[in-house]
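A closer look at the structure
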Amino acid sequence: MLLKEACRMLMFLAAACAVPVVHGEPIGDLEFSGSGFLTVGVGKMLGGTHATVLDRNCPCFIADYAQGAVYDGRSGLQWGQDSKLGLQGTATLPNANFSVTAQAVARGAHNGNIDLEWLYGSYQLTDNTVIQFGRKRLPMFYYSDIQDVGFALPWTHLPPQLYGWEMVNYNGVNIRHQARWGDWAATINALAGNENVSDSGYWEIYNGKRSRTRVKLNNIIGGDLTLARDWFETRLVYIQSGTQRESFTIWDDASQNYLPANDPGLPGNGTRQNIYGIALNMDPGDWIFRSELLYINRPGATYKDYAQLVGIGRRFGEWQLMATASHYGGEAVVANGGDPQGQENHTSRSLTLRYNLTQTSDIKMQLDSQKDQGGINWAPRYGEARLLTLSYDVVF
Amino acid sequence: MASAADDIVVIVNQNIGVNKMSRDDVIDIFLGRSRRLPSGVTALPLDLPSTSLEREQFYSRLTGKSMGEINAYWARLIFSGRASPPSLAMSQEEAMQMVADNRNAMGYVAKSKVTPSVKIIFELQPE
């Protein structure tokens, strides 16, 4: 406990001493470099559907599914959901082409507790090819790698309808290669690994804040390809894995308590899943265009996932205005027992104003409007929500 | 310090074996998309300090983006472990010295500062 508090204090001291990105220092044959990021976010619920959903008082806006970050119906300002502090350090042995990188993040959504997000070794095979092994971010989405780095994002929080999944990291190995294909710069990444998550924030949103769930992804295999030319960038991703889920306790509306549960969502021995994604992003001149699609097929389960986002923005000097819409829709597989009227479906629209305070910091203001469009049998029904958030982001 | 009217030029070692680069090539090298020139030569890009006017002019003329936007772009690469940012030269004189001393180094300086110790392979004129 004392060590955790000391780490937390050190992280905040490091943030307070912020200086420009990436600092390096040689010690013997080792070179150390470090950097960090901080987001202080605050939100105010403006309105929506007033109801008790599971054990939450709503209106509720789900800002980050993976971390269980939910703005709820309490009056006043809410600080924890988007606030986070991260530190990343790399130790490099230049003569051996080898380095070790670790990233730790303290999140307001987890009451400031520190999570070791990444810990991986990198071996530079050639100038353009690197092999990495350890704990890394699962690269499902365009912004997966930097989902915690507010300064690198055009929003106060990622569009939750697309960026909402039960796990974000994996343990395994990947190999990445950079190449030039004609006028295009290409980055190819292939990965393999496994992941286990207990009591993830994602399932707390569906089963209650104190529900207990265990999720396993096994035999993860996949890859992504990024092609870039001047202001255009596209990214394709494919990942497959086995997936298993066990729910131990869930909130029960009838008894208003937590009860033991057997989750009916996936067969007892799990199922396969195939994840397909594409992003098309453009930054011509002062304009910004973001789009991303995700489709997940699970042949042995009762539902499939579809999610999309589209955003358009414009820069005016250091100001930036952006409008974004994101949508999630589940599709029932009736043949497997899925209920066509029990499908999850929701949309979120946002308007974001960003101002770059310095070369490494910004402030943002965002207005979100969330609409629940689920089937009549869908639960939990979070309903509608209108949320105002402000954030200060810095990298150091 | 360069005036806003100065050309910013990309410089390389006299022995690098490359005489010309396209705008896309320069963007790829300085935005971490590739470290290899079309000729196969590995490039080691150098940045000037973040307070340098030449650095701001270089990225603005090359990409149309402000330093805040460029830094947000680099934050994505740094925190994802996908690329390392260019090494830092503390002045234009040091950038030219590093390029003159290292066959693979590539920097940018105001054209008026260039000496015969380095070779110009790309020019960015005032907008």
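Residues numbered from 1 in each chain as written. Chains lettered and ligands numbered in written order. Predicted model: local features only at pLDDT ≥ 70, side-chain atom pairs only at ≥ 80, totals over all residues. Heavy atoms only, no water.

Next up on the list: the overall build of chain A. Across its full length, chain A holds two helices and 22 strands. The globule rule puts the C-alpha radius of gyration for 396 residues at 21 Å, and the 21 Å found for chain A is close to it. The principal-axis extent of the C-alpha atoms belonging to chain A is close to 65 × 50 × 45 Å. Counting only residues that meet the buried cut, chain A has 52% of its 396 residues in that class. By sequence separation, contacts in chain A at least 24 residues apart represent 60% of the contacts at least 6 residues apart. Surface accessibility of chain A: about 17,000 Å² in total, with carbon and sulfur atoms responsible for 59%. (Helix = DSSP H or I, 4+ residues; strand = E, 2+ residues; numbered from the N terminus. Rg over C-alpha atoms; globule rule 2.2 N^0.38 Å. Buried < 20%, exposed > 50% of the residue type's maximum accessible area, 1.4 Å probe, protein only. Contact = heavy atoms within 4.5 Å. Areas by Shrake-Rupley, 256 points an atom, 1.4 Å probe, with all protein chains shown as cover.)

Quick look at the state of the cysteines now. Formally, a disulfide is one covalent bond, and it connects the sulfur atom of one cysteine to the sulfur atom of another. Residue and element names in this part refer to chain A. All told, the structure shown has one disulfide over all chains when counted by the stated rule. Here Cys 58 engages in a disulfide with Cys 60; their sulfurs sit 2.1 Å apart. Taking the sign of the torsion about the S-S bond as the criterion, the disulfide between Cys 58 and Cys 60, at about -85°, is left-handed. (Disulfide = S-S within 2.5 Å.)

Let's shift gears to the sheet that holds strand 4 (residues 105-110) of chain B. Residue and element names in this part refer to chain B. Read across the open sheet, the five strands follow the order 3-2-4-1-5; overall the sheet is mixed. Lying at the two open borders of the sheet, with one neighbouring strand each, are strand 3 (87-88) and strand 5 (118-124). Relative to strand 3, strand 2 (residues 44-47) runs parallel, the two being bridged by two bridges. Note on strand 3: the bridge partner recorded for Asp 47 is Leu 88. Running at roughly 110° to strand 4, helix 1 (residues 23-30) makes contact with strand 1 (8-13), strand 2, strand 4 and strand 5 of the sheet. Where helix 4 (residues 92-101) meets the sheet, it contacts strand 1, strand 2, strand 3, strand 4 and strand 5, and its direction lies at approximately 150° from that of strand 4. (Pairing = 2+ DSSP bridges. Axes fitted to C-alpha atoms, helices over the stretch in contact; angles between N-to-C directions.)

Glancing now at the pairing of strand 7 (residues 84-93) of chain A. Residue and element names in this part refer to chain A. One ladder, built from nine bridges, connects strand 2 (residues 30-48) with strand 7; its direction is antiparallel. Each bridged residue has a counterpart across the sheet, and for Gly 34 the counterpart in strand 7 is Gly 89. Two elements, strand 7 and strand 8 (residues 98-107), share ten bridges in a ladder whose sense is antiparallel. Along strand 8, the bridge assignment pairs Ala 91 with Val 100. Between strand 7 and strand 8, which pair antiparallel in sequence order, lie four residues; one of them, Asn 97, sits at a positive phi of approximately 55°.

The subject of this paragraph is helix 1 of chain B. Of all the eight residues making up helix 1 of chain B, seven are buried; the element is thus mostly covered by neighbouring parts of the structure. After helix 1 of chain B finishes, the residue Gly32(B) shows a positive phi value of roughly 70°.

Our focus in this paragraph is the pattern of salt bridges. Residue and element names in this part refer to chain A. Applying the stated criterion to the full structure yields 30 salt bridges over all chains. With a shortest N-O distance of 2.9 Å, Arg 137 and Glu 117 are connected by a salt bridge. Placement of the pair is Arg 137 in strand 10 (residues 129-137) and Glu 117 in strand 9 (residues 114-126), with a sequence separation of 20 residues. A salt bridge links Asp 393 to Lys 364; the shortest N-O distance between them is 2.8 Å. (Salt bridge = Lys/Arg side-chain N within 4 Å of Asp/Glu carboxyl O.)

All names here are of chain A. Here the bond from Ala 379 into Pro 380 is cis, since omega is 5°, no more than 30 degrees from zero. Note that Pro 380 resides in the loop between strand 21 (361-372) and strand 22 (385-395). Phi is positive for Leu 54, which is not a glycine, with a value near 50°. With respect to the element layout, Leu 54 can be found in the loop between strand 3 (51-53) and strand 4 (56-58).

Turning next to the confidence of the model for chain A. Residue and element names in this part refer to chain A. Looking at chain A as a whole, its pLDDT mean stands at 90, while 91% of the residues score no less than 70. The weakest mean pLDDT in chain A belongs to helix 1 (residues 2-16) at 44; the strongest belongs to strand 22 at 98. Under a pLDDT of 50 for its full length, residues 1-7 has, in the predicted model, three contacts with residues more than four places off or in other chains. In the predicted structure, residues 9-20 sits below a pLDDT of 50 and forms 17 contacts with residues beyond four places in sequence or in another chain. (pLDDT = per-residue confidence, 0-100.)

With that out of the way, let us pick up the interface of chain B and chain A. Taken together, the contact between chain B and chain A spans 27 residues of the former and 40 residues of the latter. With both sides pooled, the region where chain B packs onto chain A buries about 3,000 Å², and carbon together with sulfur makes up 45% of that total. It is Arg76(B), Phe79(B) and Arg82(B) in chain B that bury the most area against chain A; as a group they hold 29% of the surface buried on that side. Applying the counting criterion to the chain B and chain A interface returns seven salt bridges. For the salt bridge of Arg76(B) with Glu233(A), the shortest nitrogen-to-oxygen distance reads 3.8 Å. Where chain B packs against chain A, one counts 16 residue pairs in polar contact (both at pLDDT 80 or more). Of all the secondary-structure elements, those providing two or more residues to the side of chain B that touches chain A are helix 1 and helix 3 (67-80) of chain B. In terms of residue count, helix 3 of chain B provides more of the side of chain B that touches chain A than any other element does, ten residues in total. Classifying every residue of the side of chain B that touches chain A by side-chain character gives eight nonpolar, nine polar and ten charged. (Buried area = accessible area lost by both parts, 1.4 Å probe. Polar contact = N/O pair within 3.5 Å; in protein donor to acceptor, adjacent residues only side chain to side chain. Nonpolar A, V, L, I, M, F, W, Y, C, P; charged D, E, K, R; others polar.)

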